[in-house]
Amino acid sequence: MSNSAAPQYYVGLMSGTSMDGVDAVLVDFASGIPKLIASHDKPITPSLLEKLHRLADPQCNDINLLGQCDRACGELFAFATIELLHHAGIEASQIIAIGSHGQTVRHMPDAQYPFSMQIGDASTIAVMTNIDTVADFRRKDIALGGQGAPLVPAFHQQLFQSKVENRVILNIGGIANITLLDKDPDKTLGFDTGPGNTLLDYWHKKHHQQPYDDGGQWAATGAVNEALLQHMLDEPYFAKAAPKSTGRELFNARWLTQQLQQFNHLAPQDVQATLAQLTAQSIAQSILPLAQVNKLYVCGGGVFNDDLLTRLKQLMPLTDVGSTDDLGLAPQWVEGIAFSWLAYCFINKLTSNLPRVTGANKAAILGAFYPAN
Ligand SMILES: Nc1ncnc2c1ncn2[C@@H]1O[C@H](COP(=O)(O)OP(=O)(O)OP(=O)(O)O)[C@@H](O)[C@H]1O
Ligand SMILES: [Mg+2]
């Protein structure tokens, strides 16, 4: 990495499985360590959100809708970037590249022809912002036999690896994923543990018409139903060996309705409490068998769910639990910064997947290039 003092600006764009908005970050790589300069959260309009929810339903195979949403998301990501740079007082010409994750509408790593589809046309982003754009980060890893996910462990390793303690970075987005950073970098592991916020958000919205349970306050009023919890934990995904990744194709409203068939008598807040316990327990049981973990650093929107973190701490009494703030990175922007780093890696011809994590048969330069001109 360069030590030059001149800024090396990249933009990272992330819209995750929660579909709670587009995270746009401006990051300077001049010192070799990504430095967050500015951030912007761009909401998704209700009409686009409704279409994205329809597309993300595994039973929807509407190509016209897909094409329309691809362009609409491309525009949304471009506007997120334009607003970010406007707030930061930085010109497009100062940005080396944008790294755009895209909006996942289908993740099928175990299909006959495995694939993962992120939309948000990168040509639209490049043209509207006048900035070279790197996108499609998952496809090469899948072409190499990997899951195409999770991709962030390579970034976590680069930034958060310690020589003195074993760390776990836990991202609680729509889906939750962990990265085990053993003191020995050859032992890094990572995989999706299962649902993060997605089922909690769905159930909360159904009963309160609000997108999420602020602080987990509603869940905290309920009682965990052990029979329902065990029933949900019987889902085969939880026992599957890594490499593994998942999404809304599995953990969605249909899955939950099926799980609740024998439990329709439960009060809604008890279901919410049980879903929070499911997220916490599936995370804890993924981490506990790993090497002795000195500290767990949480990032992603789930870090603001106090009830969820309390449950996690109760399940892992011997582990110190903090957030990535303790490592100097604000937890809600870690994923966005990771995608600026993936663009940085592409431009500098650096590999950015971890074959041990994704199952790919080699490390590779990830992404595809969409020039502005
Ligand atoms: N104050 C809060 N209280 C409870 N939950 C919150 C709060 N703020 C955010 N969240 C949760 O965090 C979610 C958004 O998290 P995040 O943006 O990390 O997920 P994501 O977009 O799915 O990301 P990714 O899939 O990349 O990990 C919201 O949908 C909500 O469930
Ligand atoms: Mg988000």
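Within any chain, residue numbers begin from 1 and follow the written order of that chain's sequence. Following the order in which they are written, the chains are lettered starting with A and the ligands numbered starting with 1. In keeping with the model being predicted, local features are shown solely for residues with a pLDDT of at least 70 and side-chain atom pairs are shown and tallied solely at 80 or more, while totals for entire chains, interfaces and linings include all residues.

Asks: What is the right way to read the environment of Ala363 from this model?
Replies: As for its position among the elements, Ala363 is in the loop between α14 (355-358) and β12 (368-370). With C-beta atoms placed from the backbone, a residue is buried if 20 or more other C-beta atoms are within 10 Å of its own, exposed if 12 or fewer are, and partly exposed between those counts. Judged by C-beta crowding, with 17 C-beta atoms within 10 Å, Ala363 ranks as partly exposed. On a C-alpha basis, the gap between Ala363 and Asn177 in space is 20 Å, while along the polypeptide they are 186 residues apart. Placing C-beta atoms from the backbone, we regard two residues as in contact once those atoms come within 7 Å. In this structure, Ala363 is in contact with Thr351, Asn353 and Pro355, ignoring residues within four places of it in sequence. By definition, any uninterrupted DSSP run of H or I lasting at least four residues is a helix, any uninterrupted run of E lasting at least two residues is a strand, and each is numbered from the N terminus.

Asks: Is there a simple way to think about the site of ligand 1 in this case?
Replies: The criterion for a residue being near a molecule or strand is a backbone-placed C-beta atom within 6 Å of that molecule or strand. In the region of ligand 1, 22 residues are neighbours, and Gly16, Ser18, Gly173, Asn197 and Gly301 sit closest. Viewed by domain, the shell around ligand 1 spans two of them, domain 1 (9-148 + 333-370) and domain 2 (152-327), each represented by three or more residues. As annotated, the domain borders come from an automatic or database domain assignment.

Asks: Mind showing me how you'd approach the sheet that holds strand β8 (residues 175-181) here?
Replies: Two pairing modes exist for strands in a sheet, parallel and antiparallel, and in both the strands are linked by backbone hydrogen bonds. Strand pairing follows a simple DSSP-based rule, namely that at least 2 bridges must link the two strands. The five strands lie next to each other as β9-β8-β7-β10-β11, forming an open sheet whose pairing is mixed. Looking at the sheet topology across the chains shown, the edges are occupied by β9 (189-195) and β11 (320-323). Within this sheet the neighbouring strands show an average axis-to-axis angle of 20°, counted without direction. The pairing of strand β7 (residues 167-172) with strand β10 (residues 295-299) spans five bridges and is parallel. Considered in β10, the bridge of Asn171 is made with Cys299. All axes are obtained by fitting lines to C-alpha atoms, using only the stretch in contact for helices, and the reported angles, taken between N-to-C directions, cover 0 to 180 degrees.

Asks: Hey, could you run me through unusual backbone geometry in this one?
Replies: Working note: non-glycine residues mostly have negative phi, and peptide bonds are mostly trans. With an omega of -15°, the peptide bond between Ala149 and Pro150 qualifies as cis. Take Pro150: it is sitting in the loop between α4 (137-143) and α5 (152-160). In the segment running from Ala242 into Pro243, the intervening peptide bond is cis, with an omega of 0°. Looking at the element boundaries, Pro243 is found in the loop between α9 (236-239) and α10 (253-259). One non-glycine residue, Met19, adopts positive backbone phi at about 55°. For Met19, the location among the structural elements is in the loop between β1 (9-15) and β2 (22-28). With phi around 55°, Lys349 is a residue other than glycine that occupies positive phi space. Among the structural elements, Lys349 can be located in the loop between α13 (334-347) and α14.

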